[in-house]
Amino acid sequence: MPKITFIAHDGNEITVNAEVGMTVMEAAIKESVPGIEAECGGACACATCHVYVDETWKAATGEPSEMEEDMLDFAFDIKPTSRLSCQIKVTDELDGLRVTTPEKQF
Amino acid sequence: MTDIGIGNTSTIETDAVIIGAGPVGLFAVFELGLLDIKAHLIDILDKPGGQCAELYPEKPIYDIPALPVISGQGLTDNLMEQIKPFDPTFHLNQRVDQLNRLEDGRFSLVTDIGQEFITKVVIIAAGGGSFTPKRPPLPGIEAYEGSSVFYSVRQMEQFRGKNILIAGGGDSALDWMLNLEPIANSIAIVHRRDKFRAAPDSVNKMEALVDAGRAKFHLGQITGLNGTDGQLENATIKAGDETFDYACDTLLPFFGLTMKLGPVADWGLNLEENLIPVDTEKFATSEPGIFAIGDINTYPGKLKLILSGFHEVALMSQAAHHIIYPDQTIRFQYTTSSSSLQKKLGVR
């Protein structure tokens, strides 16, 4: 089972077990990871599951789609590593993935 | 459909008020209508459909029984068609702020524009709560709200001669930039990328204004606000590696909408983690005569599905009937065969 680590704004880390095929957002919600709200339930329609992908994992997680880029416009404090976690599918290659949650999902 | 907008403030007396015009609220019109209960719907959005229309109008839904796939807007349009025979009255762009019980057992509701309703039953179908504009998490932004920072434009004149900064890259941001440019002293838009998720015509017009020197475009993000006593003097913009202060007295952030429970929390109902507990026979709240259906309620086994909301509507309507017509018993009927139901539906 791939493990994913969520790092909160204050540095607190939570590592969860994810299943291949689910999204990083779903892995967070399943374990009630704070900092991921996912108001729309994964429809790429709200931008409240915004995360910063650790630099070393940027290539493995790929680039956001155009739809995701559009939705990131509704998030805040966007960085080059910004992604919506509902749009990152968990694969075996992502075992050990580290993402940081923003101070606020607004 | 009748739409009563701002300006009509005489009290409306009715059998049922539905708070929230999402799919479940809309279907409540149908089930109540079959039982001869006339309903008024109130919604904070400018259109019916709730999240389906606001958050994912073009996205497919796959779990509506007998509709293998339908978009959020398609579902809304179909429901509007289905409830047409019952001619519901919509009160859009309004939020119910107050809900109180009257001495005669009925309820008084007052919206944020002062419209009052007197009703026998209240049906809360408010989903995830009220849609409210997203507030950018900028330190101290609250101090400027209402004086320098606005999340919507109600009266354009208010912005005449102002030095306006608009944040965002969607249709609202661009539309207001184009509309306010002629009356503003100066206007600029700040957006995190050079692509805009807006009507191509608006983007072209905005670019023409920028080329003509009548508007500015800053590729970047706001990181801070500076001013005194609620009066904005400049906004700090981070553009790439560069950070600068842009002089402006008005900021209009357009980052979409988010859902907040809102005034529902103040109506004296029992709540569990921002949801309203109900029974599963009548979907009644802790307050007799007030029902809660759809995503806003909770009970053992609750699933936040549109299809569950539809089921809740049917049972709730029977219970509402007992309150509105206490002397009548309901004869259970099918729309397929009942001539009286078919008459109500206008198909006979």
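Our structure is the block above this text.
So, here is what we can say about the structure in this document. (Residues numbered from 1 in each chain as written. Chains lettered and ligands numbered in written order. Predicted model: local features only at pLDDT ≥ 70, side-chain atom pairs only at ≥ 80, totals over all residues.)

### Overview of the interface of chain A and chain B
In step 1: Every contact between the two is made by 14 residues of chain A and, on the other side, 18 residues of chain B.
In step 2: Each residue belonging to the side of chain A that touches chain B can be placed in one class, and the counts come to eight nonpolar, no polar and six charged. (Contact = placed C-beta atoms within 7 Å. Nonpolar A, V, L, I, M, F, W, Y, C, P; charged D, E, K, R; others polar.)

### Some remarks on the nonpolar core
Residue and element names in this part refer to chain B.
In step 1: Counting residues in each nonpolar core, the largest one holds 63 residues, and the members touching the most others are I164, L165, I166, M177 and L251.
In step 2: Sequence-distant contacts of M177, defined by excluding residues within four places in its chain, comprise I166, I187, I189, M206 and A215.
In step 3: Within the second largest apolar cluster, 49 residues are counted, among which are V96, F283, I293 and I306. (Core = buried A, V, L, I, M, F, W, Y, C linked by C-beta atoms within 7 Å. Buried ≥ 20, exposed ≤ 12 C-beta atoms within 10 Å, placed from the backbone.)

### Some points on the sheet that holds strand 2 (residues 13-17) of chain A
Residues and elements named next belong to chain A.
In step 1: Judged by pairing direction, the sheet is mixed, and its five strands sit side by side in the order 2-1-5-3-4 without closing on themselves. Where the open sheet ends on each side, the last strands, each with one partner, are strand 2 and strand 4 (82-84). Neighbouring strand axes in the sheet, compared pairwise and without regard to direction, differ in orientation by 35° on average.
In step 2: Strand direction decides the pairing type here: strand 3 (residues 50-53) and strand 4, joined by three bridges, are antiparallel. By the bridge assignment, V51 is partnered in strand 4 with R83. (Pairing = 2+ DSSP bridges. Helix = DSSP H or I, 4+ residues; strand = E, 2+ residues; numbered from the N terminus. Axes fitted to C-alpha atoms, helices over the stretch in contact; angles between N-to-C directions.)

### So, unusual backbone geometry
In step 1: One non-glycine residue with positive phi stands out, namely D77 of chain A, at about 55°.
In step 2: With respect to the secondary-structure elements, D77 of chain A resides in the loop between helix 3 (66-72) and strand 4.
In step 3: Positive phi outside glycine occurs at F283 of chain B, with the angle close to 60°.
In step 4: Secondary-structure assignment places F283 of chain B in the loop between strand 19 (276-277) and strand 20 (290-292).

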